[in-house]
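Each chain, written out:
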Amino acid sequence: MIDITQLKENLDLYKKRLSLKGYDGDLDDILSRNEAKNTIQVKLDDLKNAKNVLSKEIGMLAQKSESVEEHKKKSDLLSNEIEVLQKDFDKLKKGLDKDLLSIPNIPDEDVPEGSDESANLEIEKVIYKQVESELDHVEIGELLQLLDIEKANKISGSRFVVLKGKLAKLQRALIKFMLDEAESNGYEEYYVPYIVNAQSLLGTGQLPKFEDDQFKVGDGKYLIPTAEVPLTNLYQNQSLDVNSVPIKMTAHTPCFRSEAGSYGKDTRGMIRQHQFEKIELVKFVSADKSEEALNELVGHASNILDKLELSYRKVVLCTGDLGFSSAKTIDLEVWLPSQKCFREISSCSNFRDFQSRRMNTKVRNGSMKSYPHTLNGSALAVGRTLLAILENYFENGVGVHIPKVLGGYLDFDLIEIKK
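None of the values given here were measured: they were computed from a predicted structure.

Chemist: Can you help me understand the overall build of the protein in this one?
Modeler: When helices and strands are counted, the protein shows twelve helices and 19 strands. Taken along its principal axes, the extent of the C-alpha atoms in the protein is 105 × 45 × 45 Å. Counting over 419 residues, the protein shows a buried share of 49%. By sequence separation, contacts in the protein at least 24 residues apart represent 72% of the contacts at least 6 residues apart. As presented, the protein carries roughly 20,300 Å² of accessible surface, and 48% of it is formed by carbon and sulfur atoms. When the 57 positive and 67 negative side-chain charges of the protein are each reduced to one mean point, those points stand 3 Å apart.

In structure tokens, the structure reads:
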């Protein structure tokens, strides 16, 4: 959630920067309604104080056996006035809160301007080998007879996959390898619930805007779209001691996304699925360490690609391609030979204090309190890493070679084509 005081003091800046994200809400109206809410709040406080004073006077008169009828009439009038004002206040606050929660995070000043991904800015490219292939990961998986889209469709529908044998073991090895990498970089591993409540999704920014993208399981609960949600919300409504920051967490979880509005896009294979595995990195840091923390996060994710010797590039997302909660995002895109292009495999985002305000998470330093900055990124999306290995390490007529760095995690170095 944005800071409404900052919005009031920098209204023109917010209008300009938020418009670059496609936001077209009426900020003037929001500020006007906020002032009206504050005015009612002052009146309510005054009336409640007056009623408290009157209640004390009634008590004192009653002890003296003096008449209290006139005071009770005044008290009743105050109660009626408070009730009417409270209803006005609650209605105004509910609508205002809804609109405030629908305002995206303001993009950082150094985020490139643009309306879509064509304006994203490449900042680095790392090439190991950049082969091209006529076979994609689905065809390779079928040659190996270890990837089955048809059976996944039969038991679950579209956008699911079944892996077996050495391919399933390769996925498990990648998960262990990525978690070990995270631990070596100081992230503490967590096991977290795969089902969360609406408040948790609201805290990280998936609700209310992205309700249609979530899998709802009933009773106000949802399947997690990423481990970011449970990990970040571990500190919901908490005041952290300044010495506990920075906090670095990681978790492996399945992720569930309905992919609403994306039908017809990347429907083949494992690029865009309803269920996939991911290793998530989450940080809480002080505001002055925020930019440094983002660069470090990108480094931790890209180091995995370096060790796997997969070609990739780093891209700063433009304002129009930036996520709702993010102030700045750097994507890692891995080379996919069958598509002859780089595709996203990790998004590393700095949310500044946007999420901590929504979650009411603060850092306490003596008598001072402030909002920490939160960051997260994939290290990496396991399914996309798997398919990148299938395509980049495939040898026609032989099979898929295993990256050397995974040698300690598997008892084979080749997944052979079935004859």
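Still more to cover.
Chemist: Please explain the sheet that holds strand S8 (residues 239–241) as it appears in this structure.
Modeler: What holds strands together in a sheet is hydrogen bonding between their backbones, with the strands either parallel or antiparallel. Across the sheet, three strands lie side by side as S8-S14-S15; this open sheet has mixed pairing. Of all strands in the sheet, those with a lone pairing partner are S8 and strand S15 (368–370), marking the two edges. For this sheet, the mean angle separating the axes of adjacent strands, direction not counted, is 35 degrees. Across three bridges, S8 lies against strand S14 (residues 362–365) in parallel orientation.

Chemist: Just checking my understanding: could you explain the pairing of strand S9 (residues 247–256) for this structure?
Modeler: Two faces, one strand: in a regular strand the side chains alternate between the faces of the sheet. Among the ten residues that make up S9, eight are buried, leaving the element largely enclosed by the rest of the structure. Pairing analysis gives two bridges linking strand S4 (residues 188–189) to S9, with the strands arranged parallel. Across the sheet, the residue bridging to Glu188 is Met249, located in S9. Bridge analysis of S9 against strand S10 (residues 275–285) gives ten bridges, and the strand direction is antiparallel. In the strand pairing of S10, Ala251 is matched with Glu280.

Chemist: I'm lost on helix H10 (residues 290–308) in this one. Help?
Modeler: Structurally, the α-helix is built with 3.6 residues per turn, so residues lying three or four positions apart point the same way. For H10, built from 19 residues, the straight-helix expectation of 27 Å at 1.5 Å per residue is met to within 8% by its first-to-last C-alpha distance of 28 Å. Buried residues of H10: Ser290, Ala293, Leu294, Leu297, Val298, His300, Ala301, Ser302, Ile304, Leu305 and Leu308, and no others.

Chemist: How should I be thinking about a positive patch on the surface in this particular structure?
Modeler: Together, Lys151, Lys154, Lys164 and Lys418 give the surface a local cluster of positive charge. Counting through the fold element by element, Lys164 comes out in the loop between strand S3 (162–163) and helix H7 (165–184).

Chemist: Would you take a moment to explain the nonpolar core for this structure?
Modeler: Buried together is how nonpolar side chains tend to be arranged in soluble globular proteins. Counting residues in hydrophobic clusters, the biggest one holds 58 residues, and the most contacted among them are Leu167, Leu170, Leu174, Ile389, Val400, Leu406 and Ile415. Among the elements that take part in this core, H7 stands out by supplying nine residues, more than any other. The residues touching Leu170, leaving out its near neighbours within four places in the chain, are Leu386, Ile389, Ile402, Leu406, Leu410 and Ile415.

The rules we used
Within every chain, residues take consecutive numbers counted from 1 along the sequence as written. Totals for whole chains, interfaces and linings use every residue, but because this is a predicted model, local features are given only for residues with pLDDT of at least 70 and side-chain atom pairs only at 80 or more, for both listing and counting. To get the side-chain values, take all heavy atoms of the structure and skip hydrogens and water. Only runs of H or I of at least four residues qualify as helices and only runs of E of at least two qualify as strands under DSSP, and these elements are numbered from the N terminus. Partly exposed describes any residue whose relative accessible area lies between the buried limit of under 20% and the exposed limit of over 50%, with all areas from a 1.4 Å probe on protein chains only and scaled to the type maximum. Contacts: residue pairs with any heavy atoms within 4.5 Å of one another. Throughout, the Shrake-Rupley method with a 1.4 Å probe supplies accessible areas, and for residues the shown protein chains are the sole cover considered. Charge counting treats Lys and Arg as positive and Asp and Glu as negative, with His and both chain ends excluded. To locate a charge, the coordinates of NZ of Lys, CZ of Arg, CG of Asp or CD of Glu are taken. Any two strands between which DSSP finds at least two bridges are classified as paired. Helix axes are fitted to C-alpha atoms over the stretch in contact, other axes to C-alpha atoms as well, and angles between N-to-C directions run from 0 to 180 degrees. Helix span, as expected, comes to 1.5 Å for every residue beyond the first. Each patch is built from salt-bridge-free residues with over 30% relative accessible area, joining like charges within 9 Å and nonpolar side chains (Val, Leu, Ile, Met, Phe, Trp, Tyr) within 5 Å. Note on definitions: salt bridges are taken to be side-chain nitrogens of Lys or Arg within 4 Å of carboxyl oxygens of Asp or Glu. Working definition of a nonpolar core: buried Ala, Val, Leu, Ile, Met, Phe, Trp, Tyr and Cys residues. They are joined through side-chain atoms within 4.5 Å.

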